[in-house]
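What follows is the residue order along each chain.
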Amino acid sequence: MPVSVNNSRLIYEALKACDVKIISALPETFLVHLIRMAGEDPDMTLVRLAKEEEGIGISAGAHLAGVNSALLMQNHGFLAAINGIVSLALLYKIPLLMLISHRGHWGEKDPWQTQGGLVTEPILRALNIPIWPLVNPADVHRRIKDAQTLAHASLHPVAVLLSRELMWEE
Amino acid sequence: MLRADALQTIYPELENRIVVTIMGAVAAELYTLGHRPNFFYLEHAMGLASSMGLGIALSMPEHKVIVIDGDGSLLMNLGTLSTMARYKPGNLLHIVFDNESLLSVGGFPTATSTGTDLAGIARASGVPSVMEANTSESLKASVSEALASNRLTTIISKVEAIGPKSFHMDLPLLENRFQFKRCLEALQRQLKT
């Protein structure tokens, strides 16, 4: 499976540099190495979810307890979590660091991913959630740190989109 | 059993612990018994109180966390039972008041009124300790046993579909949120000193 191990490692190291202690996740192709890295890290609590919306509750609880967390989800998982984002994170001003694999976008070969790919950014914009695409490996560390900083300063969710260009090696 | 009476019976166990409740009648009844800065009332996001409790329990393993859930909320997020059971935090107690009704929106019957068995679902999800307590006395005993056990426990407690006259709480959502966070941070600091 040509998911980039090197770029997954860069992203994981950036999360570690942000002092992330809890990662909630549901598997998806772009995320396989990231989830494996979290699972193999004895200092990371990896919460494997049944549905992405649970992760909003887990991150909210972690934030109120003073622990940094991140959410790994596919964009269809983001779509499944919207009520939790609106009626927990936005309502209660909870920062969320969401890393969303942007399936169904540039270069996508799976037709079934394409509707989600087309609506992800417009829906994030409708929710007033700032979007930062990760495309260039050189930007990964800075952008993830800046995304977390903004989330904590604004007490608001932020979305880092994991592009095919970064995650997939043809 | 009335939920308000049940809450009153277990209030001494809740008073000094981290408590997350669902919205509506449960929140208003606990608030009326006596609000504490260690109580958080999730006034929306149905189903996520237990996920929040799990997030707090994993973040604060030295403290007990009590979630007060309801049948309507739990039915919206049954996956939470499998996720809690997967990580089994021994400091998490999940109490579900089952009034077989979506009381806050007019009393529409939930699936527990037609036979869905939440205790059975919790057991089959792998929750290590599942109890059923349908009187105030048995609920009090179950809560004490669960808190002493250091095992993830779900208690299903059947109650009547009767709520308070008013759901009004003189506590804005964000005041509750910031007060609760400060309280948890103070608890964390106490541990370190």
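Calculation rules
- Residues numbered from 1 in each chain as written.
- Chains lettered and ligands numbered in written order.
- Predicted model: local features only at pLDDT ≥ 70, side-chain atom pairs only at ≥ 80, totals over all residues.
- Helix = DSSP H or I, 4+ residues; strand = E, 2+ residues; numbered from the N terminus.
- Rg over C-alpha atoms; globule rule 2.2 N^0.38 Å.
- Buried ≥ 20, exposed ≤ 12 C-beta atoms within 10 Å, placed from the backbone.
- Contact = placed C-beta atoms within 7 Å.
- Nonpolar A, V, L, I, M, F, W, Y, C, P; charged D, E, K, R; others polar.
- Pairing = 2+ DSSP bridges.
- Axes fitted to C-alpha atoms, helices over the stretch in contact; angles between N-to-C directions.
- Core = buried A, V, L, I, M, F, W, Y, C linked by C-beta atoms within 7 Å.
- pLDDT = per-residue confidence, 0-100.
- Parallel < 35°, antiparallel > 145°, perpendicular 65-115°, else oblique.
- Left-handed = near helix turned anticlockwise from the far one by under 90°.

## A closer look at the overall build of chain A
No. 1: Helices and strands together make up the secondary structure of chain A, namely eight helices and six strands.
No. 2: Along chain A, helices (α) and strands (β) appear in the sequence α-β-α-β-α-β-α-α-β-α-β-α-β-α when read from the amino end.
No. 3: The globule rule puts the C-alpha radius of gyration for 170 residues at 15 Å, and the 14 Å found for chain A is close to it.
No. 4: Dimensions of chain A, computed from C-alpha atoms along their principal axes, come out at roughly 40 × 35 × 30 Å.
No. 5: Looking at chain A as a whole, 49% of its 170 residues qualify as buried.
No. 6: Sequence-distant contacts in chain A: of pairs separated by 6 or more residues, those separated by 24 or more amount to 75%.

## A few points about the interface of chain A and chain B
No. 1: Listed per partner, the contact involves 27 residues of chain A and 27 residues of chain B.
No. 2: Breaking the side of chain A that touches chain B down by element, the ones donating at least two residues are β2 (45-48), α3 (52-64) and α5 (82-90) of chain A.
No. 3: Tallying contributions element by element places α3 of chain A first for the side of chain A that touches chain B, with 10 residues.
No. 4: Tallied by class, the residues present in the side of chain A that touches chain B amount to 14 nonpolar, eight polar and five charged.

## Description of unusual backbone geometry
No. 1: Backbone geometry at Asn 128 of chain A places phi at a positive 60 degrees, although glycine is not the residue there.
No. 2: With respect to the helices and strands, Asn 128 of chain A occurs in the loop between α6 (114-126) and β5 (131-134).
No. 3: A positive phi angle, close to 55 degrees, is found at Asn 150 of chain B, a residue other than glycine.
No. 4: With respect to the helices and strands, Asn 150 of chain B occurs in the loop between α7 (136-149) and β8 (153-158).
No. 5: Note on Asn 150 of chain B: 11 C-beta atoms within 10 Å, which makes it exposed.

## Quick word on the sheet that holds strand β6 (residues 157-162) of chain A
Residue and element names in this part refer to chain A.
No. 1: Spatially, β2-β1-β3-β4-β6-β5 is the arrangement adopted by the six strands of the open sheet, whose pairing is parallel. Unpaired on one side and paired on the other, β2 and β5 mark the two borders of the sheet. Adjacent strand axes in the sheet meet at a mean angle of 20 degrees when their direction is disregarded.
No. 2: Direction of pairing for strand β1 (residues 22-25) relative to β2: parallel, over a ladder of four bridges. Its bridge partner lying in β2, Ile 23 is registered against Leu 46.
No. 3: Contacts from helix α7 (residues 140-154) reach β4 (96-101), β5 and β6 within the one sheet, and its direction differs from that of β6 by about 160 degrees.

## Observations concerning the environment of Ser 8 of chain A
All names here are of chain A.
No. 1: Tracing the backbone through its elements, the reader meets Ser 8 in helix α1 (residues 5-17).
No. 2: Residue Ser 8 is classed as buried on the basis of its C-beta count, with 21 C-beta atoms lying within 10 Å.
No. 3: Separated by 22 residues in sequence, Ser 8 and Phe 30 place their C-alpha atoms 8.7 Å apart.
No. 4: With residues near it in sequence (within four places) discarded, Ser 8 still touches Val 3, His 33, Leu 34 and Met 37.

## Focus: the nonpolar core
No. 1: Counting 110 residues, the largest nonpolar core has Leu 72, Leu 96, Met 98, Val 158 and Val 160 of chain A together with Leu 42 and Ile 66 of chain B as its most contacted members.
No. 2: Those residues in contact with Val 158 of chain A that sit more than four places away from it in its chain are Leu 96, Leu 97, Met 98, Ile 129, Pro 130, Ala 147, Leu 150 and Ala 151 of chain A.

## A few points about the sheet that holds strand β2 (residues 39-41) of chain B
Residue and element names in this part refer to chain B.
No. 1: One open sheet holds the six strands; their spatial order is β2-β1-β3-β4-β8-β7, and the pairing between them is parallel. Across the chains shown, the open sheet's two edge strands, defined by having one partner strand only, are β2 and β7 (129-132). The average angle at which neighbouring strand axes cross in this sheet is 15 degrees, direction not considered.
No. 2: Helix α3 (residues 49-59) rests against β1 (18-21), β3 (65-70) and β4 (92-98) of the sheet, and its axis sits at about 170 degrees to β3.

## Examining the environment of Thr 120 of chain A
Residues and elements named next belong to chain A.
No. 1: With respect to the helices and strands, the residue Thr 120 is situated in helix α6.
No. 2: On the basis of neighbour count, Thr 120 is assigned to the buried category, with 24 C-beta atoms found within 10 Å.
No. 3: Between the C-alpha atoms of Thr 120 and His 76, which are 44 residues apart in sequence, the distance is 8.3 Å.

## Describing the confidence of the model for chain B
No. 1: Chain-level statistics for chain B give a pLDDT mean of 96 and a share of 100% at 70 or above.
No. 2: The ipTM, which scores confidence in the relative placement of chains, is 0.97 for this predicted complex, and the corresponding pTM is 0.97.

## Considering the pairing of β8 of chain B
Residues and elements named next belong to chain B.
No. 1: Among the six residues that make up β8, six are buried, leaving the element largely enclosed by the rest of the structure.
No. 2: Residues Thr 153, Ile 155 and Ser 157 line one face of β8 and the alternating positions Thr 154, Ile 156 and Lys 158 line the opposite face, and both faces are buried.
No. 3: With six bridges joining them, β4 and β8 adopt parallel strand pairing. Residue pairing for β8: Asp 98 is matched across the bridge by Lys 158.

## Structural notes on the packing of α1 of chain A against helix α2 (residues 32-40) of chain A
Residues and elements named next belong to chain A.
No. 1: Direction vectors running N to C along α1 and α2 enclose 50 degrees, while the axes themselves pass 9 Å from each other. Between α1 and α2, the angle is such that the two are oblique. As for the relative orientation of α1 and α2, their crossing is right-handed in sense. The residues of α2 that touch α1, namely those facing Val 5, Ser 8, Ile 11 and Tyr 12, are His 33, Leu 34 and Met 37.
No. 2: Taken together, the residues of the contact of α1 with α2 sort by class into five nonpolar, two polar and no charged.

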